[in-house]
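What follows is the residue order along each chain.
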Amino acid sequence: METLRERWMRSGVREGDILLIHSNIGRTIVDYSRTSGARIGPEEVLESFIEAVGPSGTLLFPLFNFEFTQGAPFDIRSTPSHMGAITELARKYQGSVRTGHPIYSFCALGRHSHHFKNVCNKNAYSEDSPFGILKRLGGKIAVLDLPDSKSMTFYHHVEEVMRVQYRYFKDFTGEYIDENGNSSQRTHNIYVRDLLKGAVSNSDPAGELLWRAGLYIGCRPQIDTGLRTISAKSMYDFVADLITNGDAEGNLFIYRNKT
């Protein structure tokens, strides 16, 4: 019977990959438990991705938590991920390295995790963020059973670097507790949608363009493995061209109030 590792390999994951994973693991757990007769959970899914990239590979997981925007303190040692069970397991995994943005943090596991150590970008999606590092390292993005609009935060990296006009920088200040337990007030920001202009994010059309261009490898959400992969650099270049050519509207966002 096909293992989970073999599923991921069939969808473009390779040994040695530096891989950012966005995931909805519910269908995988139900389907694999039913077909294999072996009961599995988030732990087995995480281990299967670790096995897929091997000892020379690296996994990156989003640990996004938006409570800092509502006045809650951020503690890099213990603030939990709100991105699902597998991401919280990865945060606690032995040797895991966590980046320092109090809203858009990540954890890295594996050979190249040191590239993410002590990363504390002020801007959520900037070139010095984990998104930019992933791109420069030649990494990939993998999405399991989620549409682009519910997973592909990398679009916002491109939008911030390109300084699109339908977003702007919004600061958030709050209590920040570092790895040594020291507390201070820090300000970080997010390149947010301009609500006054009625900007509404919708990247699903751009995702369709990525499929048509042959940049996505693997399966669409809820079909077969449900996993698709893409080169971060290839995605960046493709989306940057959309923005440069004036095609962001209708593919990355719409204006709700436009008449």
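Residues numbered from 1 in each chain as written. Predicted model: local features only at pLDDT ≥ 70, side-chain atom pairs only at ≥ 80, totals over all residues. Heavy atoms only, no water.

This next bit is on the overall build of the protein chain. A count of helical and extended segments in the protein chain gives eight helices and twelve strands. Rg of the C-alpha trace for the protein chain: 18 Å, near the compact-globule value of 18 Å for 259 residues, within the 12% margin. If you line up the protein chain on its principal axes, its C-alpha atoms span 55 × 50 × 30 Å. Considering the protein chain as a whole, with its 259 residues, one finds that 53% of them fall into the buried category. (Helix = DSSP H or I, 4+ residues; strand = E, 2+ residues; numbered from the N terminus. Rg over C-alpha atoms; globule rule 2.2 N^0.38 Å. Buried < 20%, exposed > 50% of the residue type's maximum accessible area, 1.4 Å probe, protein only.)

Let's shift gears to helix 3 (residues 42-53). The first and last C-alpha atoms of helix 3 sit 17 Å apart over twelve residues, in line with the 16 Å expected at 1.5 Å per residue. All buried positions along helix 3 are accounted for by Val45, Leu46, Ser48, Phe49, Ala52 and Val53. Burial along helix 3 is one-sided: seen end-on, the buried residues are contained in an arc of 155°. Looking one or two residues beyond helix 3, the residue adopting positive phi is Gly54, at roughly 70°. (Expected span 1.5 Å × (residues − 1). Arc of directions from axis to C-beta.)

It is worth spelling out the environment of Asn180 at this point. Along the chain, Asn180 turns up in the loop between strand 7 (167-177) and strand 8 (183-193). Considered as a pair, Asn180 and Pro205 are 25 residues apart in the sequence and their alpha carbons are 44 Å apart.

This next bit is on unusual backbone geometry. Positive phi values are uncommon outside glycine, yet Arg163 reaches one of about 55°. Mapping Arg163 onto the fold places it in the loop between helix 6 (154-162) and strand 7. In this structure, Gln222 is a non-glycine residue whose phi angle is positive, near 70°. With respect to the helices, strands and loops of the structure, Gln222 is situated in the loop between strand 10 (217-218) and strand 11 (227-231).

Moving on: the pairing of strand 5 (residues 106-110). The element strand 5 is extensively covered by neighbouring structure, given that four of its five residues are classed as buried. As defined by bridge partners, strand 2 (residues 58-62) adjoins strand 5 across five bridges and the pair is classed as antiparallel. Along strand 5, the bridge assignment pairs Phe61 with Cys107. Direction of pairing for strand 4 (residues 97-98) relative to strand 5: antiparallel, over a ladder of two bridges. (Pairing = 2+ DSSP bridges.)

Each strand in a sheet pairs with its neighbour through backbone hydrogen bonds, running either in the same direction (parallel) or in the opposite one (antiparallel). Spatially, 4-5-2-1-6-11-10 is the arrangement adopted by the seven strands of the open sheet, whose pairing is mixed. Only two strands of the sheet have a single neighbouring strand rather than two, namely strand 4 and strand 10. As defined by bridge partners, strand 1 (residues 18-23) adjoins strand 6 (residues 140-144) across five bridges and the pair is classed as parallel. Pairing of Ile21 across the sheet is with Ala142, part of strand 6. Running over the sheet, helix 8 (residues 232-244) touches strand 6 and strand 11 and is turned about 75° from strand 11. (Contact = heavy atoms within 4.5 Å. Axes fitted to C-alpha atoms, helices over the stretch in contact; angles between N-to-C directions.)

Moving on: the pairing of strand 2. Along strand 2, five of the five residues are buried, which leaves the element largely enclosed by surrounding structure. Neither face of strand 2 is left uncovered, since the one carrying Thr58, Leu60 and Pro62 and the one carrying Leu59 and Phe61 both have all their residues buried.

All right, on to the nonpolar core then. Grouped together as the largest cluster of nonpolar side chains are 49 residues, with contacts concentrated most on Ile141, Met152, Phe154, Tyr155, Ile190, Met235 and Leu252. Sort the elements by how many residues they give to this core and helix 8 lands first, with seven residues. If you look at the next biggest cluster of nonpolar residues, it comprises 25 residues, including Ile40, Val45, Leu109 and Ala142. (Core = buried A, V, L, I, M, F, W, Y, C linked by side-chain atoms within 4.5 Å.)

Attention shifts here to the packing of helix 7 (residues 204-212) against helix 8. It is the contact of helix 7 with helix 8, at a shortest axis distance of 11 Å, that shows an interaxial angle of 120°. It follows from the interaxial angle that helix 7 and helix 8 lie oblique. With respect to the hand of their crossing, helix 7 and helix 8 are arranged in right-handed fashion. Side by side, helix 7 and helix 8 meet where Ala206, Leu209 and Leu210 of the first sit next to Met235, Phe238 and Leu242 of the second. Of the residues contributing to the contact of helix 7 with helix 8, the split by class is six nonpolar, no polar and no charged. (Parallel < 35°, antiparallel > 145°, perpendicular 65-115°, else oblique. Left-handed = near helix turned anticlockwise from the far one by under 90°. Nonpolar A, V, L, I, M, F, W, Y, C, P; charged D, E, K, R; others polar.)

What follows deals with the sheet that holds strand 7. The strand order 3-7-8 describes an open sheet built from three strands, whose pairing is mixed. Looking at which strands have only one partner, the edges of the open sheet turn out to be strand 3 (74-75) and strand 8.

With that settled, the discussion passes to the layout of surface pockets. In this approach the atoms are scanned with a rolling probe the size of a water molecule, which exposes any empty space left behind. The computed volume of the largest pocket comes to approximately 710 Å³. In terms of lining residues, the largest pocket is bounded by 34 residues, among which Tyr104, Tyr125, Ser149, Thr153 and His156 are the most central. Of the residues in the lining of the largest pocket, the class split is 18 nonpolar, ten polar and six charged. Estimated volume of the second largest pocket: approximately 330 Å³. Every residue lining the second largest pocket is counted, 15 residues in all, and those nearest its centre are Ile76, Arg77, Val97, Arg98 and Glu179. (1 Å grid on protein atoms, 1.4 Å probe; cavity = no way out; pocket = protein on both sides within 12 Å on 5 of 7 lines; lining within 4 Å. Points joined across faces, edges and corners; volume = space filled by probe spheres on them.)

Distances and angles like these do not, on their own, reveal function.
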